[in-house]
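Chain residues, written in single-letter form:
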Amino acid sequence: MTKTIKHNIDIHQEITDAVVESLQAIREQYGKDHEGFAWDKPWIDTANGMPRNIDGKPYRGINVLLLLIQASKMGYGQNIWGTFKAWKDKGGKIIKGSKSTKITFYKSYVAKDKETEEDRTFFILKTFSVFNIAQVEGVTIQDDTQTLINTVERDKLIDSFVAGTNAILKDGGNRAYYSPSDDFIGMPKLEQFKTTDGYYSTLLHELTHWTGAMKRCNRDLKNKFGSQAYAFEELVAELGSMFLCNKFNILGRDEEQMRNHITYLDSWIKRLKDDKKAIFQASTLAQKAFDFLEGLQEEEQKKVA
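Numbers given for residues are sequential positions, taken from 1 along each chain in its written order. pLDDT decides what is reported in this predicted model: residues at 70 or higher carry local features, side-chain atom pairs at 80 or more are listed and counted, and totals for whole chains, interfaces and linings draw on all residues regardless. Hydrogens and water are ignored here; the side-chain numbers use all heavy atoms of the structure.

Colleague: I keep staring at the overall build of the chain and nothing clicks. Help me out?
Modeller: Helix and strand assignments come from DSSP, with helices taken as H or I runs of at least 4 residues and strands as E runs of at least 2, each series counted from the N terminus. Scanning the chain for helices and strands turns up 9 helices and 10 strands. Restricting the contact set of the chain to residue pairs at least 6 apart, pairs at least 24 apart contribute 72%. Only heavy atoms matter for contacts: two residues are in contact if any of them lie within 4.5 Å across the pair.

Right, here's the structure in full:
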């Protein structure tokens, strides 16, 4: 049975417009020519962990981005979300005047192919609305991800995570990069960064690039600097880094790093305006990279066991 994906163009456009609006706001407020540049966080706030539903199941792909943007915009203290019905079933009541956040899912159905008369499974992109726990009365959920951990222990967890990938790291030099030809990650030394969070957020960005090798997630890494394809890979790496930063509660980068990332904003905005499916594609690839890195941890644990 063949599978064909059928998209709803309006939904793609609506979601893309929302993301572009968010990026343009960042570009206007924190752009490289903006006086008093003082952005000490990744391009969306990563203070509250990965977005998850009432039952603790994490959201994935484009929905992670959409919910993180909204949580950052509204200053929500917890990244717990649910539909109107889900909150009602928990005994909660949506606070009057609360505005829902739209996220997406694919709904499948089987239909006959008009030409071959064969059954095919189609997937239609649909949306549904969720509310953050801050918009709900009568429900309290213990958020285990908010358990504070000192930075020393957190950094050990990140070091262990990176080591678990068996990626080759080379310290020294004045730039962070992944070399596809030699398959290693080059990083300045930790003491060269203004903050520890700056070091780790950069490392996780490059680690996402590392997943793009043919023998891993097989993304095209042979694009010239300044090209749209190069900027798209940077978007994938930035989203992947964002997912990982949320996992480890990494809160910020230093000013110079943020200046460097801001330079990609115009390219990202242009790509998203030209192709309403680009942010969906980038989010899917970033999720695949995240899942790949998580899978490597499981493989290492099996070896130890």
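That was the structure; now back to the text.
Colleague: I'm lost on the environment of Tyr177 in this one. Help?
Modeller: As for its position among the elements, Tyr177 is in strand S9 (residues 177-179). Whether a residue is buried, partly exposed or exposed follows from its accessible area with a 1.4 Å probe, protein chains only, as a fraction of its type maximum: under 20%, in between, or over 50%, in that order. Note on Tyr177: relative accessible area 24%, which makes it partly exposed. Taking the C-alpha atoms as reference points, Tyr177 and Met187, separated by 10 residues in sequence, lie 6.8 Å from one another. When near neighbours in sequence (up to four residues on either side) are disregarded, Tyr177 contacts Phe184, Ile185, Gly186 and Glu206.

Colleague: Any chance you could explain the confidence of the model for the chain here in plain terms?
Modeller: Regions with low pLDDT should not have their predicted coordinates read in detail. The pLDDT averaged across the chain works out to 83; a share of 83% of its residues lies at or above 70. Per-residue pLDDT stays below 50 along residues 1-9; that stretch engages in 24 contacts with residues further than four places along the chain or on separate chains. With pLDDT under 50 throughout, residues 34-44 is counted as low confidence; its partners more than four residues away or in other chains account for 35 contacts. pLDDT expresses, on a scale from 0 to 100, how confident the predictor is about each individual residue.

Colleague: What am I meant to see in the pairing of strand S10 (residues 184-187) here?
Modeller: Regular strands place side chains that alternate from one sheet face to the opposite one. Of the two faces of S10, the one lined by Phe184 and Gly186 and the one lined by Ile185 and Met187 are each fully buried. Across 3 bridges, the pairing between strand S8 (residues 169-171) and S10 is parallel. When the bridges of S10 are listed, Asp171 appears paired with Met187. Pairing between strands is defined by DSSP: at least two bridges between the two strands are required. Bridge count between S9 and S10: 3 bridges; the pairing is antiparallel. Counted as the bridge partner of Tyr178 is Ile185 from S10.

Colleague: How should I be thinking about the nonpolar core in this particular structure?
Modeller: The nonpolar side chains of a soluble globular protein tend to be buried with one another. Among the nonpolar cores identified, the biggest contains 59 residues, and Leu65, Ile185, Leu207, Trp210, Leu239, Leu272 and Ile279 are the most heavily contacted of them. With 10 residues, helix H6 (residues 228-248) is the largest single contributor of residues to this core. By convention a nonpolar core is built from buried Ala, Val, Leu, Ile, Met, Phe, Trp, Tyr and Cys residues, the set being connected through side-chain atoms within 4.5 Å. Judged by nonpolar contacts, the second largest core, of 9 residues, contains Ile80, Phe131, Ile133 and Val139.

Colleague: Where do I start with the pairing of strand S5 (residues 101-112) in this structure?
Modeller: Pairing of S5 with strand S6 (residues 119-132), which is carried by 12 bridges, proceeds in the antiparallel orientation. Across the sheet, Lys102 pairs through a bridge with Ser129, a residue of S6. Here S5 folds back onto S6, and the loop between the two strands holds 6 residues, one of which, Glu117, carries a positive phi near 65 degrees.

Colleague: Can you help me understand the pattern of salt bridges in this one?
Modeller: Two side chains with opposite charge may pair up if their charged atoms get near one another. Any carboxyl oxygen of Asp or Glu within 4 Å of a side-chain nitrogen of Lys or Arg constitutes a salt bridge here. Scanning the model with the defined rule gives 11 salt bridges in all. When the shortest N-O distance is used, the salt bridge between Asp291 and Arg60 registers 2.5 Å. Placement of Asp291 in helix H9 (residues 278-304) and of Arg60 in the loop between strand S2 (52-53) and helix H2 (62-74) is noted, with a sequence separation of 231 residues between them. Overall, the relative accessible area of 31% leaves Asp291 in the partly exposed class. A relative accessible area of 47% places Arg60 in the partly exposed class. With its nearest N and O atoms 3.2 Å apart, the salt bridge here joins Lys215 to Asp183. Of this pair, Lys215 sits in the loop between helix H5 (196-210) and H6 while Asp183 sits in the loop between S9 and S10, placing them 32 residues apart in sequence. Under the relative-accessibility criterion, Lys215 is labelled exposed at 64%. In the salt-bridge network here, residues are joined through shared partners; they are Arg154, Asp155 and Asp197.

Colleague: Help me understand the sheet that holds S8 in this model?
Modeller: Sheet strands associate in pairs through backbone hydrogen bonding, adopting either a parallel or an antiparallel arrangement. Pairing is mixed in the open sheet, where 3 strands are placed in the order S8-S10-S9. This sheet does not close on itself; its edge strands, each paired only once, are S8 and S9. Adjacent strand axes in the sheet meet at a mean angle of 25 degrees, parallel and antiparallel pairs treated alike. Whenever a helix is involved, its axis is fitted only over the stretch in contact; in every case the axis is a line through C-alpha atoms, and angles between N-to-C directions fall within 0 to 180 degrees. The strands touched by H5 are S8, S9 and S10; relative to S10, the strand with the most contacts, the crossing angle is about 155 degrees.

Colleague: I'm lost on the side chain of Asn79 in this one. Help?
Modeller: Secondary-structure assignment places Asn79 in the loop between H2 and strand S3 (80-82). Between N or O atoms, a polar contact is any pair within 3.5 Å; within protein, one atom must be a potential hydrogen donor and the other a potential acceptor, and residues adjacent in sequence are included only when both atoms are from side chains. Among the polar contacts made by the side chain of Asn79, one reaches the side chain of Trp81 at a distance of 2.9 Å.

Colleague: Just to check I follow, could you spell out the packing of aromatic side chains for this structure?
Modeller: Working definition: rings of Phe, Tyr and Trp (its six-membered ring) pair if their centres are within 6.5 Å, and the pair is stacked with planes under 30 degrees apart, edge-to-face with planes over 60 apart, and tilted otherwise. Scanning the entire structure with this criterion turns up 8 aromatic pairs. Pairing Tyr199 with Tyr200 gives two aromatic rings, centres 5.1 Å apart and planes at 80 degrees, and the pair type is edge-to-face. For the pair shown, Tyr199 and Tyr200 are each scored as buried. Each member of the aromatic cluster is reached from another via a ring pair, and the members are Phe193, Tyr199 and Tyr200.

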